[in-house]
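# Notes for the structure review
The chain contents come next:
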Amino acid sequence: TLSSSSAASDVYKRQVQTSVYTNHWSNDPDHNNHQDLIGLERNYADGELWGVSTFRNSFSQRSYYAYVGKAWENADWPVYAKLSGGLIQGYKGDYKDKIPLNHFGVAPVLIPAIGTHYGPVGAELVVLGAAAVMVNVGYRL
């Protein structure tokens, strides 16, 4: 059963992640499929979390994401669902309108993910709205 509190949540407090695969839903020659993401996340036993990441957006611009969220772990299997919400900064110039609500260069976003882990090593499938899907791998500390 999915629970926001589990033994797995109690084992680790932090996670570092990087992106290993990105695929955009539409084929646009301007799209960058190498995000160079580095993320740090703080996780709590009740499933609450917060994090920060830096990455190259779909148009190769250095961008930043600061967020809070919730993870629901499965007590019987090493899988989880996660929803984060926060602010993305970095879509500028000709690409500032490529992300909704990008007022003053900062846009609110909700990002769902599903993940799995084997011990401290994990992987997440992240859905980036109508733009793309990304796979991240990480290490739980």
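Residues numbered from 1 in each chain as written. Predicted model: local features only at pLDDT ≥ 70, side-chain atom pairs only at ≥ 80, totals over all residues. Heavy atoms only, no water.

## Considerations on the nonpolar core
- With 16 residues, the main nonpolar core has Y65, I88, I99 and V109 as its most contacted residues.
- Listed by contribution, the elements that provide at least two residues to this core are β4 (48-56), β5 (62-74) and β7 (106-118).
- Sort the elements by how many residues they give to this core and β7 lands first, with 4 residues.
- Aside from chain neighbours lying at most four places away, what touches V109 is Y65, S84, G85, G86, I88 and I99. (Core = buried A, V, L, I, M, F, W, Y, C linked by side-chain atoms within 4.5 Å. Buried < 20%, exposed > 50% of the residue type's maximum accessible area, 1.4 Å probe, protein only. Helix = DSSP H or I, 4+ residues; strand = E, 2+ residues; numbered from the N terminus. Contact = heavy atoms within 4.5 Å.)

## Brief notes about the packing of aromatic side chains
- Taken as a whole, this structure holds 2 aromatic pairs when the rule is applied.
- For the ring pair F59 and Y95, a centre distance of 4.2 Å and an interplane angle of 10 degrees mean the geometry is stacked. Of this pair, F59 sits in the loop between β4 and β5 while Y95 sits in the loop between β6 (79-89) and β7, placing them 36 residues apart in sequence.
- The interplanar angle of 20 degrees and the centroid separation of 4.7 Å between the aromatic rings of Y65 and Y67 together place this pair among those described as stacked.
- Overall, Y67 belongs to the buried group, its relative accessible area being 11%.
- Across the ring face of Y44, the terminal group of R42 is positioned such that the distance to the ring centre comes to 4.3 Å. (Phe/Tyr/Trp six-rings, centres within 6.5 Å; stacked < 30°, edge-to-face > 60°. Lys NZ or Arg CZ within 6 Å of the ring centre and 35° of its normal.)

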